Amino acid sequence: MDTFALIATIGVALFFTYTNGFHDSANAIATSVSTRALTPRAALAMAAVMNLAGAFLGSGVAKTVSEGLIETPHGSSGMAILCTALVGAIVWNLITWYFGLPSSSSHALFGGMVGAALAGGIAVYWTGVVEKIVLPMFLSPIVGLVLGYLVMALIMWIFRKANPHRAKRGFRIAQTVSAAGMALGHGLQDAQKTMGVVVMALTIADVQEHNEIPVWVKIACALMLSLGTYAGGWRIMRTLGRRIIELDPPQGFAAETTAASVMYTASFLFHAPISTTHVITSAIMGVGATKRVSAVRWGVAKNIIMGWFITMPAAAIVAAVCYWIVKLVFG
């Protein structure tokens, strides 16, 4: 039973990674596709490859996720909590994907972990949740918004005398690089979060006692994220690429460069699991505001931000209900 529970939990974790990939593929490529710097299929293929590569660049974020958020009791109870946490995150990913809402797969996962832990009566380390999850959740969009505005303002000043058509052609080419950097950062952040959960499952099942990430876990998580990315999340892509603001190539380059820079800094310097969705969305808003504040469709932006706030509690509720159902059925 314990072996079956471990295999089932790892399977659910890998499926979560797949949903994360198609849910968040828009983060990496929506701006490049909307400015016609890349065709949709070329952009998805590039993002899938870079997601795969990014997953192998570090392990700091995975270790942050695997320890210090919730207690990890050994045995079937701990495995049930972890599995239902993932189910809660998957359900929320599918709901927000259906409505084209760019919510955070990362915070759906963290919300699911907290909700399942509370339902299962185990400890939630609230200090860790606040420091590792909540603070970065608030800070990273603010940084993305401000930095996106500043980067775009700098580009406008540097190229103020350039021929507009020639400049747009150049930035359309440059966007292939910035989109690749964004996809690499997405792999670096989001594949590692699932790696951390799989390591927790292995620890609960007494398969390993340390928090090092086995090579097969890295390969499996990277491949599933990459496959999910290639499947593409077209509903969310329309929201990010066109509904917030109609982007041109310089704006797309500025937004992608900003978001990628924030992700690399968070990953390598702070080992902080931040939301790629929050960062790219806020960067797009900041970039758009340089044209004029009214150019950003703030009504759409408000709905997106509201989705950010309800993601963790919504995923927590779904995970808690799933845990109670599992306990009712299996005792």
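Above this note sits the structure.
Model, not experiment: these values are computed from the prediction.

Draft legend 1. Representation of a nonpolar patch on the surface. On the surface, a nonpolar cluster with roughly 580 Å² of combined accessible area is contributed by Ile142, Val143, Leu145, Val146, Leu147, Tyr149 and Leu150. When you line up the elements, Tyr149 lands in helix H6 (residues 126-158). Exposure remark for Tyr149: the relative accessible area of 40% places this residue in the partly exposed category.

Draft legend 2. Seen up close, the packing of aromatic side chains. Applying the stated criterion across every chain, the model contains seven aromatic pairs. For the ring pair Phe138 and Phe309, a centre distance of 5.7 Å and an interplane angle of 55° mean the geometry is tilted. Of this pair, Phe138 sits in helix H6 while Phe309 sits in helix H12 (residues 298-330), placing them 171 residues apart in sequence. With relative accessibility at 39%, the residue Phe138 sits in the partly exposed group. Here Phe171 and Phe253 contribute two aromatic rings whose centre-to-centre distance is 5.5 Å and whose plane-to-plane angle is 55°, an arrangement assigned as tilted. Of this pair, Phe171 sits in helix H7 (residues 164-204) while Phe253 sits in helix H10 (residues 249-270), and the two are 82 residues apart along the sequence.

Draft legend 3. How the structure looks around the packing of H7 against helix H8 (residues 215-231). Contact geometry for H7 and H8: axes closest at 9 Å, N-to-C directions at 130°. Between H7 and H8, the angle is such that the two are oblique. At the point where H7 passes H8, the crossing takes the right-handed sense. Residues His186, Gly187, Asp190, Ala191, Thr194, Met195, Val198 and Leu202 of H7 touch H8, and the partners they reach there are Trp216, Val217, Lys218, Cys221, Leu225 and Thr229. Its residues assigned to classes, the contact of H7 with H8 shows eight nonpolar, four polar and two charged.

Cut-offs and rules
- Residues numbered from 1 in each chain as written.
- Predicted model: local features only at pLDDT ≥ 70, side-chain atom pairs only at ≥ 80, totals over all residues.
- Heavy atoms only, no water.
- Patch = residues over 30% accessible without salt bridge, like charges linked within 9 Å, V, L, I, M, F, W, Y side chains within 5 Å.
- Areas by Shrake-Rupley, 256 points an atom, 1.4 Å probe, with all protein chains shown as cover.
- Salt bridge = Lys/Arg side-chain N within 4 Å of Asp/Glu carboxyl O.
- Helix = DSSP H or I, 4+ residues; strand = E, 2+ residues; numbered from the N terminus.
- Buried < 20%, exposed > 50% of the residue type's maximum accessible area, 1.4 Å probe, protein only.
- Phe/Tyr/Trp six-rings, centres within 6.5 Å; stacked < 30°, edge-to-face > 60°.
- Axes fitted to C-alpha atoms, helices over the stretch in contact; angles between N-to-C directions.
- Parallel < 35°, antiparallel > 145°, perpendicular 65-115°, else oblique.
- Left-handed = near helix turned anticlockwise from the far one by under 90°.
- Contact = heavy atoms within 4.5 Å.
- Nonpolar A, V, L, I, M, F, W, Y, C, P; charged D, E, K, R; others polar.

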